[in-house]
Amino acid sequence: MNIPLFKIFHDELDIEQVSTEINSGANWAVGPKVEEFEEKIANYMGCEYAVALNSGTSALHANLLANRIGKNDEVIVPSFTFIATANAPLFVGAKPVFADIEKDTFGLDPESVEENITKNTKAIIPIHYGGCPCKINNLKDLAEDNDLILIEDAAESFGADINGKMTGTFGDSGILSFCQNKIITTGEGGALITDSKKLYEEIVLIRSHGRLENEDYFNSASFFDYISLGYNWRMSNITSALGLAQIEKVNEIIQMRIEKSEYMTKRLNEETDEVETFNPPKGYKCVYQLYSVLANFRDELIDYLSENGISSKIYFDPVHLSNFYSEKLKYKSTLPVTEEVSKKTLTLPMFPSITHDEIDYIASKVGKFYNDR
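Here's what I pulled together on the structure shown here. Since the model is a prediction, treat every value here as computed from it, not as a measurement. (Residues numbered from 1 in each chain as written. Predicted model: local features only at pLDDT ≥ 70, side-chain atom pairs only at ≥ 80, totals over all residues. Heavy atoms only, no water.)

## Section: the environment of Phe278
Part 1 of the argument: Positionally, Phe278 belongs in the loop between strand E10 (275-276) and strand E11 (284-285).
Part 2 of the argument: When neighbours within four sequence positions are excluded, Phe278 is seen to be in contact with Asp104, Thr105, Cys132, Cys286 and Ser292. (Helix = DSSP H or I, 4+ residues; strand = E, 2+ residues; numbered from the N terminus. Contact = heavy atoms within 4.5 Å.)

## Let's talk about helix H1 (residues 12-23)
Part 1 of the argument: Here H1 contains twelve residues, and its C-alpha end-to-end distance of 16 Å stays within 8% of the 16 Å for a straight helix at 1.5 Å per residue.
Part 2 of the argument: Taken together, the buried positions of H1 are Asp14, Gln17, Val18 and Glu21. All buried residues of H1 project into a common sector of 90 degrees when viewed along the axis, lining one side. What points out from H1, more than 90 degrees from its buried face, is the exposed set Glu12 and Asn23.
Part 3 of the argument: Taking the backbone nitrogen of Leu13 as reference, a side-chain oxygen 3.0 Å away marks Asp11 as the first, capping residue of H1.
Part 4 of the argument: Downstream of H1 by one or two residues, Gly25 has phi in the positive range, about 70 degrees. (Expected span 1.5 Å × (residues − 1). Buried < 20%, exposed > 50% of the residue type's maximum accessible area, 1.4 Å probe, protein only. Arc of directions from axis to C-beta. Polar contact = N/O pair within 3.5 Å; in protein donor to acceptor, adjacent residues only side chain to side chain.)

## Focus: the packing of aromatic side chains
Part 1 of the argument: Inspection of the entire model under this criterion finds 19 aromatic pairs.
Part 2 of the argument: Between Phe80 and Phe316 the ring centres are 6.2 Å apart and the planes differ by 85 degrees, which places this aromatic pair in the edge-to-face class. Placement of the pair is Phe80 in the loop between strand E2 (74-78) and helix H4 (83-91) and Phe316 in the loop between helix H10 (298-307) and helix H11 (323-328), with a sequence separation of 236 residues. Neither Phe80 nor Phe316 differs from the other in exposure class; each is buried. (Phe/Tyr/Trp six-rings, centres within 6.5 Å; stacked < 30°, edge-to-face > 60°.)

## Some words on the pattern of salt bridges
Part 1 of the argument: Summed over the entire model, instances satisfying the criterion amount to 19 salt bridges.
Part 2 of the argument: Residues participating in the shared-partner salt-bridge network are Lys266, Arg267, Glu270, Glu271 and Asp360. (Salt bridge = Lys/Arg side-chain N within 4 Å of Asp/Glu carboxyl O.)

## Quick notes on the layout of surface pockets
Part 1 of the argument: Roughly 670 Å³ of volume is contained in the largest pocket.
Part 2 of the argument: The wall of the largest pocket is formed by 28 residues, among which Glu35, Tyr200, Val204, Arg207 and Glu213 lie closest to the centre.
Part 3 of the argument: Put simply, the parts of the chain that give the lining of the largest pocket at least two residues each are helix H2 (32-45), strand E1 (49-53) and helix H7 (197-206).
Part 4 of the argument: Split by residue class, the lining of the largest pocket holds 14 nonpolar, three polar and eleven charged.
Part 5 of the argument: Surrounding the second largest pocket, 24 residues form its lining, Phe82, Ala155, Ser177, Cys179 and Lys182 being those nearest its centre.
Part 6 of the argument: At three residues, helix H3 (residues 56-66) tops the list of elements feeding residues into the lining of the second largest pocket.
Part 7 of the argument: Looking at the lining of the second largest pocket residue by residue, the classes come out as ten nonpolar, ten polar and four charged. (1 Å grid on protein atoms, 1.4 Å probe; cavity = no way out; pocket = protein on both sides within 12 Å on 5 of 7 lines; lining within 4 Å. Points joined across faces, edges and corners; volume = space filled by probe spheres on them. Nonpolar A, V, L, I, M, F, W, Y, C, P; charged D, E, K, R; others polar.)

Everything listed here is a matter of coordinates, which is why it stays silent on function.
Okay, here's the thing in structure tokens:
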């Protein structure tokens, strides 16, 4: 077999929606599909506002700008994450401060976060690793007690919830990613969600050059004033059309991921006890954007799986140990749980269309690897 790490789930609706916009011969960049997609996101997430942007990274950057975070400010982030989470404070001249993770969800450890709060701390950016909610309620309490801004990096957890409340809606705002390997995809793309009208209006300005827009810029002869510094972080109308097709089937996509992940867990546990599978806390709905395990002899296992046509990847190597942070920025963070977990974590193939036969093959090869040692 040849099993990739992920496959994009799509159907005829995706092709039809994008083709319709292309065939219109107009509004490829800015158009009504953007606002429609934003409305669908907000309704699905259960929040007041959503702003579509060209990536989750841009959403993080814009969020910190809109919250006036900058020089001499500190932002507490995990090191066990994609590097954009940690880099975002640097984009605005602030300092990322690494806190450790806990083993239940691989999210920020509230105790470690509390230990890292100083008079310069302005915000906390937790992630929901692999589609599982972190201990966000504890982090929310910490943020409120210390008058800090709580920005949820929910890039990996679209559709995840705790007792029905969506990740991304616990804090002051949340960011989403629609990159190709996420729960739903627009190829590249992201969004910011919030209940704050003020933040929403700031982000709308920032994403389009600080231009005050009351109507479609490209189809109007009106004067548009520029009232702040901004960037070109817009999501296109074509991209939004794809997003609309994807969000129509998001519940189906999530249910398939959950069912396939539960079967993977069952089969791995039948094959070996050398791999520790993930068990979300009670009341936590995990959408399995990543299917990650803790594996003994991990690096050897990666090579063995590759030799047998099975893709796997390390999500994540600690950011604080990267060359950029350890050598160029001279970070000397002490994060024992992050480093322990990252030495064993391994992400296996997981996507909605993966078959039970493919999962059986993966599990059997994992089992054979350990049995043959």
